Amino acid sequence: MPRETEPHVQHDPLLVVALAAGDLAGADRNLAAAQLADCAECSTLHDDLLAVARATAALPAARRSRDFRLTPADAARLRPLGWRRFIAAFAGPRLAFTRQLGVGLTTLGLAGLLFTALPGFSLSMGGAAAAPSAAVVQELQTDQSFAAPSAADAHGQGSGAGLASQPAAAQASPGADEGPNDGDTTGRTSASAPELGETLVGTDESPSPSPLLIGSVVALGIGLALLLARSIGRRMANH
Amino acid sequence: MEDLRSTTVADDPVQRRDLILLERARAGDLDAFNDLVECYQDQLFALVVRMVPDRDQASDVTQEAFFSAFRNLHNFRGGSVKSWLNRIAVNAAMDIQRARKRRPVQPYPELEDESWQPPAPADADPVHTALTWERTTSLNAALAAITNDQRVAIVLFDVEGYDYAEIADMTGVSLGTVKSRIHRGRLALRDLLSDRMELFRG
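Residues numbered from 1 in each chain as written. Chains lettered and ligands numbered in written order. Predicted model: local features only at pLDDT ≥ 70, side-chain atom pairs only at ≥ 80, totals over all residues. Heavy atoms only, no water.

Trainee: How would you explain the overall build of chain A if you had to name every residue and give the values?
Mentor: Secondary structure assignment for chain A yields twelve helices and zero strands. A total of 239 residues make up chain A; the buried ones form 32% of that total. For chain A, restricting intrachain contacts to residue pairs at least 6 apart in sequence, the fraction spanning at least 24 positions comes to 72%. Counting every atom, chain A has about 14,400 Å² of accessible surface; 61% of that belongs to carbon and sulfur. (Helix = DSSP H or I, 4+ residues; strand = E, 2+ residues; numbered from the N terminus. Buried < 20%, exposed > 50% of the residue type's maximum accessible area, 1.4 Å probe, protein only. Contact = heavy atoms within 4.5 Å. Areas by Shrake-Rupley, 256 points an atom, 1.4 Å probe, with all protein chains shown as cover.)

Trainee: Account for helix α1 (residues 13-21) of chain A, with residues named and values stated.
Mentor: Within α1(A), seven of the nine residues are buried, which leaves it mostly tucked inside the rest of the structure. Among the residues making up α1(A), those that are buried are A:Leu15, A:Val16, A:Val17, A:Ala18, A:Leu19, A:Ala20 and A:Ala21. Looking at the packing, one finds that the buried side of α1(A) touches α2 (26-38) and α3 (40-57) of chain A together with α7 (164-171) and α8 (175-192) of chain B. The opening residue of α1(A), the one whose side-chain oxygen lies 3.1 Å from the backbone nitrogen of A:Leu14, is A:Asp12. Among the residues trailing α1(A), A:Gly22 stands out with phi positive, at a value near 75°. (Polar contact = N/O pair within 3.5 Å; in protein donor to acceptor, adjacent residues only side chain to side chain.)

Trainee: Report on helix α6 (residues 148-159) of chain B, specifying residues and quantitative values.
Mentor: Residue and element names in this part refer to chain B. With twelve residues, α6 extends 15 Å between its outermost C-alpha atoms, agreeing within 8% with the 16 Å of an ideal straight helix rising 1.5 Å per residue. Across the twelve residues of α6, nine count as buried, placing the element largely inside the fold. Residues of α6 that are buried include every one of Asn 148, Gln 150, Arg 151, Val 152, Ala 153, Ile 154, Val 155, Leu 156 and Asp 158, and no others. Where α6 ends, the next residue or the one after it, Gly 161, has phi of about 80°, a positive value. (Expected span 1.5 Å × (residues − 1).)

Trainee: Before we move on, can you summarise the packing of aromatic side chains with the specific residues and values?
Mentor: Applying the stated criterion across every chain yields a total of five aromatic pairs over all chains. Summarising the aromatic geometry, the rings of B:Phe157 and B:Tyr164 are spaced 4.9 Å apart at their centres and angled 15° between planes, so their arrangement reads as stacked. On the accessibility criterion, B:Phe157 (22% relative accessible area) is partly exposed. The rings of A:Phe68, B:Phe45 and B:Phe66 are connected pair by pair, giving a single aromatic cluster. Over the aromatic face of B:Phe67 sits the side chain of A:Arg77, whose NZ or CZ is 5.0 Å from the ring centroid. (Phe/Tyr/Trp six-rings, centres within 6.5 Å; stacked < 30°, edge-to-face > 60°. Lys NZ or Arg CZ within 6 Å of the ring centre and 35° of its normal.)

Trainee: Give me the lowdown on the packing of helix α2 (residues 30-51) of chain B against helix α3 (residues 55-71) of chain B, citing residues and values where you can.
Mentor: Residue and element names in this part refer to chain B. The interhelical angle for the contact between α2 and α3, taken along N-to-C directions, is 145°, at an axis separation of 10 Å. Crossing handedness for the pair α2 and α3: right-handed. Contacts from Leu 30, Phe 33, Val 37, Tyr 40, Gln 41, Leu 44, Phe 45, Val 48 and Val 49 in α2 reach Arg 55, Ala 58, Ser 59, Val 61, Thr 62, Ala 65, Phe 66, Ala 69 and Phe 70 in α3. Considering only residue class, the contact of α2 with α3 consists of 14 nonpolar, three polar and one charged. (Axes fitted to C-alpha atoms, helices over the stretch in contact; angles between N-to-C directions. Left-handed = near helix turned anticlockwise from the far one by under 90°. Nonpolar A, V, L, I, M, F, W, Y, C, P; charged D, E, K, R; others polar.)

Trainee: How would you summarise the interface of chain A and chain B if you had to cite specific residues and measurements?
Mentor: The interface is formed by 37 residues belonging to chain A together with 51 residues belonging to chain B. Between chain A and chain B, a total of about 4,100 Å² is buried, with carbon and sulfur atoms accounting for 61% of that surface. Where chain A meets chain B, there are five salt bridges. Between A:Arg64 and B:Asp42 there is a salt bridge, and its shortest N-O distance comes to 2.4 Å. Where chain A packs against chain B, one counts twelve residue pairs in polar contact (both at pLDDT 80 or more). For the side of chain A that touches chain B, the secondary-structure elements that each account for two or more residues are α1, α3 and α4 (72-78) of chain A. (Buried area = accessible area lost by both parts, 1.4 Å probe. Salt bridge = Lys/Arg side-chain N within 4 Å of Asp/Glu carboxyl O.)

Trainee: Could you give me a rundown of the side chain of B:Gln15, with the residues and numbers involved?
Mentor: By the element assignment, B:Gln15 lies in helix α1 (residues 13-26). One polar contact links the side chain of B:Gln15 to the main-chain carbonyl oxygen of B:Gly79, over a distance of 2.4 Å.

Trainee: Outline the packing of α2(A) against α3(A), listing residues and values.
Mentor: Residues and elements named next belong to chain A. Here α2 crosses α3 at 115°, and the two axes come no closer than 5 Å. With respect to α3, the axis of α2 lies roughly perpendicular. Touching Gln 35, Leu 36 and Asp 38 of α2 are Ala 40, Cys 42, Ser 43 and His 46, all from α3. Here the residues of the contact of α2 with α3 sort into three nonpolar, three polar and one charged. (Parallel < 35°, antiparallel > 145°, perpendicular 65-115°, else oblique.)

Trainee: An account of the state of the cysteines is needed here, citing residue identities and associated values.
Mentor: Following the criterion strictly, the structure yields zero disulfides over all chains and no others. In this structure A:Cys42 is not part of a disulfide, and its nearest cysteine sulfur, from A:Cys39, lies 3.5 Å away. (Disulfide = S-S within 2.5 Å.)

Trainee: Can you tell me about the pattern of salt bridges, naming the residues and giving the values?
Mentor: Per the counting criterion, the structure on display carries 14 salt bridges over all chains. One salt bridge in this structure joins B:Asp18 and B:Arg17, with 2.7 Å as the shortest N-O distance. You can call B:Asp18 buried: its relative accessible area is 1%. In this structure, B:Asp169 and B:Arg87 form a salt bridge, with 3.3 Å as the shortest nitrogen-oxygen distance. In this pair, B:Asp169 is assigned in helix α7 and B:Arg87 in helix α4 (residues 81-100), connecting sequence segments 82 residues apart. With relative accessibility at 27%, the residue B:Arg87 sits in the partly exposed group. Salt bridges here are not isolated pairs; linked through shared partners, they connect A:Asp48, B:Arg190 and B:Arg201.

So this is what it looks like as structure tokens:
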């Protein structure tokens with residue numbers, strides 16, 4: 001009968017567990033074996049652990065209540081063909097990054113559209129907008145052939161110049177004070193120059209959306225397409 | 001198509017059979033995949049039901065594991081098909097366990113129902129059968145009472161026969177964590193069964 005040399009409460013039960021599991025070696029194994037030899041409770045614990053492990057290993061397998069084989073309908077749903085397979089790929093782990101990409105592109109697109117919609121927005125932001133317009137006006141005043149067609153626009157003859165002509169016409173009088181006074185051409189020149197300054201983009205003769213606008217629309221379109229594809233793919237996978 | 005047989009141990013006939021079936025399943029042969037299901041559905045269900053105390057949920061988890069395996073046939077990169085299926089089933093069961101933490105239910109309600117246990121042989125000693133039934137019931141109740149992590153580790157180690165490294169790979173934790181879970185789980189089981197240890201010592 002083993003003699004107890006120290007109280008059982010001071011013994012580490014996990015040491016006994018590790019010994020029962022065969023996970024100890026060397027000095028630790030010797031220490032655990034000595035503990036078992038000296039403590040009846042540790043010895044009982046060791047034997048109980050082995051008995052529980054044997055019983056666990058011998059647990060009978062529970063019987064299944066149904067057949068888990070797949071039907072053709074299951075297979076078609078789980079592995080779609082053609083365009084459905086392409087869309088379903090967006091819901092898979094390989095293309096999981098498309099969610100973040102779609103959100104990012106959509107956000108960028110919306111932000112870009114908001115920027116382009118701001119009144120007085122140009123590629124160089126804020127009050128500096130007037131200065132480039134003035135510089136362009138000075139440059140264009142030297143080119144009479146460029147000013148003449150613009151003068152015709154200022155009088156509303158072009159269909160797309162309505163918006164441009166109104167601020168141009170409104171500024172015709174102040175423009176006359178600013179520009180060089182030179183007879184009849186003054187009004188025209190002055191009217192045309194602010195118009196050109198005001199409408200750096202989108203004149204009737206050369207309407208061209210800004211790169212920012214184009215890029216924003218493209219980014220928004222791609223972002224929404226990715227999110228939509230992913231959403232449809234997940235619905236197909238869960239259906 | 002990648003030839004899986006050249007990348008794995010080819011000496012085991014069971015492994016060769018599994019790889020051939022899996023290759024055919026990859027090529028679109030549903031019957032080949034269902035042959036794999038027939039080979040492993042009993043073992044997979046027995047594994048899952050130890051981890052998910054609710055029998056109906058265990059059936060759902062097992063079915064979902066086979067669905068996932070079918071969807072991800074192209075992701076199999078060699079090795080043991082059995083281990084691959086077990087890994088999928090363990091992950092599915094652990095997902096359900098995490099969800100159940102928020103909605104605890106009575107564990108093992110079917111312990112009172114003998115119909116889902118294998119029947120005793122006709123010539124079995126009735127006393128021995130009754131003791132076995134009592135021991136099984138007590139042990140199942142104790143397994144349901146320990147933590148999910150400990151139960152998964154003990155079931156994979158003691159019941160399924162996987163080693164520490166395989167369990168670490170399946171559950172995504174370190175070797176030391178697996179050992180710790182098994183040791184603490186066994187200690188907890190013993191404490192829970194302390195008043196019925198005579199059933200196990202005999």
